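Observations on chain architecture
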Amino acid sequence: EYIDSYVFNKVEDIRFNSTVGKYVGYTEHGVKNAEAWNKGSELVQELGALERYCKHNAAIYYGAIL
């Protein structure tokens, strides 16, 4: 699971969660930005990071844990 959180003043505003597959807002400001980011290139960039980093390294980390 890949999670990318955006926090301001110790409050989580927005989170990208690979299980959900999109940005989710937790504050009024975060909800507005999440809606915009889900329609723009930001979502494509997060999905690219998921493919490039998370899925590529998951087998390595899983093998090391076992």
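Residues numbered from 1 in each chain as written. Predicted model: local features only at pLDDT ≥ 70, side-chain atom pairs only at ≥ 80, totals over all residues. Heavy atoms only, no water.

The name an unreviewed UniProt entry gives the protein is MHC class II antigen beta, with Salvelinus namaycush as the organism.

With that settled, the discussion passes to the overall build of the protein. Helix and strand counts for the protein stand at two helices and three strands. In summary, the protein has a C-alpha radius of gyration of 14 Å against a globular reference of 11 Å for 66 residues, an excess of more than 25%. Per-residue burial for the protein yields a buried fraction of 23% across its 66 residues. Considering only intrachain contacts with a sequence separation of at least 6, the fraction spanning at least 24 residues in the protein is 18%. For the protein, the separation between the mean place of its 7 positive charges and that of its 9 negative charges on side chains is 1 Å. (Helix = DSSP H or I, 4+ residues; strand = E, 2+ residues; numbered from the N terminus. Rg over C-alpha atoms; globule rule 2.2 N^0.38 Å. Buried < 20%, exposed > 50% of the residue type's maximum accessible area, 1.4 Å probe, protein only. Contact = heavy atoms within 4.5 Å. Lys, Arg positive; Asp, Glu negative; His and termini not counted. Charge placed at Lys NZ, Arg CZ, Asp CG, Glu CD.)

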